[in-house]
Protein chains: 2
Amino acid sequence: MEILIAVAKTNKYATSESGDTLEVVERPNGGVSVVLADGQTSGRGAKAISTMVVRKVISLLAEGVRDGAAARAASDYLFTERNGKVSACLNILSADLQSGTLVITRNNPTPIFVAQGERIECLSGESSPIGTARNIRPAISEISLENGTSVVIYTDGLMHAGERINQSLDVCTLLEALLEEQDPHPQEIADTLLAEAIRLDQGRPNDDMSIVVLRVSPLETDEIRRMTVRLPITNLYSKL
Amino acid sequence: MEILIAVAKTNKYATSESGDTLEVVERPNGGVSVVLADGQTSGRGAKAISTMVVRKVISLLAEGVRDGAAARAASDYLFTERNGKVSACLNILSADLQSGTLVITRNNPTPIFVAQGERIECLSGESSPIGTARNIRPAISEISLENGTSVVIYTDGLMHAGERINQSLDVCTLLEALLEEQDPHPQEIADTLLAEAIRLDQGRPNDDMSIVVLRVSPLETDEIRRMTVRLPITNLYSKL
């Protein structure tokens, strides 16, 4: 089988920098982790916060620190650096080959969807962002790495999409429809959800939007790891 | 336009861990960097070295340190940690949106190919691996971010492929043929070169093999960043 991870990410309309930061890092004992942080507000200030948080988490994960401990450390670090005045939402999604599980760490009120077989579960229990208090704990879910499992994580830009027109993104229904296909590619799932969110914001995203879809594909594979990155540079010359 | 990066990576035959480490990191002033290190020998020891080197480099790049300075720092760090007894090959490939250039940093005797228009250039000047002496300097090339530019970087596993049967991988000719297509996808280029190297090693790679292909695509794009990771887990249960 194969673990497929897809990411799609866009900025708030007319903002050159996204306040969301996402990095993928190899786990020292096997597997990968995706770390996604959304800094309070948007633009350059939010980017500095989300980058600081993600760097802290990936450097700890790379040293073999467990996901929950890394999230707590990032919270304490942000609390100390910014005197508790700035918050960030944090999600860590790990495919841990050592334990044979998917580990979902959540410091984010935005829900997470987990699909296994016909069942789609929504992880939406209370969960507070990091950085605003001492002793903030993440909500952690651990599920076994099974064929056909899908996990969808996103930032609040998608959750609030459509608010201007009193509509909202129905991730669960869209996901159900997408998963009815034979082994859908996670990039297709991510792109479809993001496109729908942008449509609800009438083509002008009201906030930074990032979405991560992980899928355990049952297909037979060669033993080759692959990665593709696509970075549009529409505004290179305005930056020079 | 769009920057496309593709990676393909496989282990030495019958080795569960690759000595090559590759990470992609966002640059704080815009753009991305790909950091590829190949630790001396193969297996767990080599992995520890290449991981150490890549971590050091990405944490420096994330702080805004220039690529050349990050490579030198990684060399001094490895030299100090391992008393100059262990070497690693290091390549950094950056799409720097601040300067509007591709920056290629090389501490690796393995050549790098750069294609612009009809011309394919091979960067094969002398370049020593890091970690074995003080004051090791990288070879740095900087080229402007132009439509149609392609860069191909790989580890010595590809360079030495076919040695058992007295053949070798002709990257330049293969690349020429691949680039004759209309805007070829870098994943296709990476996959084709890796498949050919594995074929030359008669299906059993004689060393870890990693290949990175970056291409500046002239295609119009939406403003969405995308990333896909594919991680085969053929040996999950043997690891548990």
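What counts and what doesn't
Counting restarts for each chain, with residues numbered from 1 along the sequence as it is written. Written order determines the labels here, with chains lettered from A and ligands numbered from 1. In keeping with the predicted nature of the model, local features appear solely for residues at pLDDT of at least 70, side-chain atom pairs appear and are counted solely at 80 or more, and the whole-chain, interface and lining totals rest on all residues. To get the side-chain values, take all heavy atoms of the structure and skip hydrogens and water. The contact criterion used throughout is that any non-hydrogen atoms of two residues lie within 4.5 Å. Buried area: the accessible area, evaluated with a 1.4 Å probe, that two parts lose upon being put together, summed over both parts. We define a salt bridge as a contact between a side-chain nitrogen of Lys or Arg and a carboxyl oxygen of Asp or Glu at a distance within 4 Å. The way it works is that DSSP assigns letters per residue, a run of H or I at least four long becomes a helix, a run of E at least two long becomes a strand, and they are numbered from the N terminus. Note: two strands are recorded as paired if DSSP finds a minimum of 2 bridges between them. With axes taken as lines fitted to C-alpha atoms, and helix axes fitted only over the stretch in contact, angles between N-to-C directions fall between 0 and 180 degrees. Two cysteine sulfurs form a disulfide in these notes if their separation is within 2.5 Å. Type-normalised accessible area, obtained with a 1.4 Å probe on protein chains alone, sets the label of each residue: buried when under 20%, exposed when over 50%, and partly exposed for intermediate values. In this comparison the copies share one frame, found by least squares on the C-alpha atoms of residues holding pLDDT of at least 70 in both.

A few points about the interface of chain B and chain A
Put simply, an interface is often sized by how much accessible area is lost when its parts join up. With 52 residues of chain B at the interface, the matching set in chain A holds 52 residues. Of the roughly 5300 Å² buried at the junction of chain B and chain A (both faces included), carbon and sulfur atoms supply 55%. Counting the surface chain B buries against chain A, the share from its top three residues, R226, R230 and L231 of chain B, is 15%. Seen at the junction of chain B and chain A, the total is 6 salt bridges. The residue R226 of chain A makes a salt bridge to D191 of chain B at a minimum N-O spacing of 2.9 Å. Those elements that provide at least two residues to the side of chain B that touches chain A are β1 (2-10), β2 (20-26), β3 (31-39), α1 (44-62), α5 (186-200), β11 (225-232) and α6 (236-239) of chain B. Looking at which element gives the most residues to the side of chain B that touches chain A, the answer is β1 of chain B, with 9 residues.

A short note on the sheet that holds strand β9 (residues 150-154) of chain B
The strand order across the open sheet formed by 12 strands is β7(A)-β6(A)-β9(A)-β10(A)-β1(A)-β11(B)-β11(A)-β1(B)-β10(B)-β9(B)-β6(B)-β7(B), and the pairing between neighbours is antiparallel. Here the strands that pair on one side only, and so sit at the sheet edges, are β7 (119-123) of chain A together with β7 (119-123) of chain B. Each adjacent strand pair in this sheet contributes to an overall mean axis angle of 10 degrees, direction not counted. For strand β6 (residues 112-116) of chain A and β7 of chain A, the ladder comprises 5 bridges, and the chain directions are antiparallel. Note on β7 of chain A: the bridge partner recorded for Q116 of chain A is R119 of chain A.

Brief notes about the state of the cysteines
Summed over the entire model, instances satisfying the criterion amount to 0 disulfides over all chains. There is no disulfide at C122 of chain A, and the cysteine sulfur nearest it, in C172 of chain A, is 7.0 Å away.

Some remarks on the pairing of strand β3 (residues 31-39) of chain A
All names here are of chain A. Most of β3 is tucked away: 9 of the 9 residues are buried. Here β3 shows no split at all, with G31, S33, V35, A37 and G39 on one side and V32, V34, L36 and D38 on the other all buried. Of the pairings in the sheet, the one linking strand β2 (residues 20-26) to β3 comprises 7 bridges and is antiparallel in character. Following the sheet pairing, D20 is matched in β3 by D38. The sheet contact formed by β3 and strand β4 (residues 88-96) spans 9 bridges and is antiparallel. Bridging across to β4, A37 finds its partner in L90.

Quick look at the side chain of T105 of chain A
Looking at where T105 of chain A falls in the secondary structure, it is placed in strand β5 (residues 101-107). In contact with T105 of chain A, not counting residues within four places along its chain, are D67, G68, A71, L90, N91, I92, P138, A139 and I140 of chain A.

Re the pattern of salt bridges
Counted under the stated rule, the structure contains 26 salt bridges over all chains. Two residues, E121 of chain A and R119 of chain A, come together in a salt bridge whose shortest N-O distance is 4.0 Å. Judged by relative accessible area, E121 of chain A falls into the partly exposed class, the value being 36%. Salt-bridge contacts for R226 of chain B lead to D222 of chain B; the nearest nitrogen and oxygen are separated by 3.1 Å. Several salt bridges converge on common partners, so that one network encompasses E26 and R225 of chain A together with K47 of chain B.

Thoughts on the relation of the copies chain B and chain A
In summary, the two copies of the chain are related to each other by a rotation about an axis coupled with a shift along it. For the pair chain B and chain A, the superposition axis carries a translation of 0.0 Å, the fit reaches an RMSD of 0.0 Å, and the rotation angle comes to 180 degrees. Put plainly, the chains are arranged around a two-fold axis. Considering only C-alpha atoms, the residue of chain B closest to the rotation axis is T228 of chain B, which sits at 2.6 Å. The overlap is high: 100% of the interface residues of chain B also sit at the interface in chain A, so the same surface is used on both sides.

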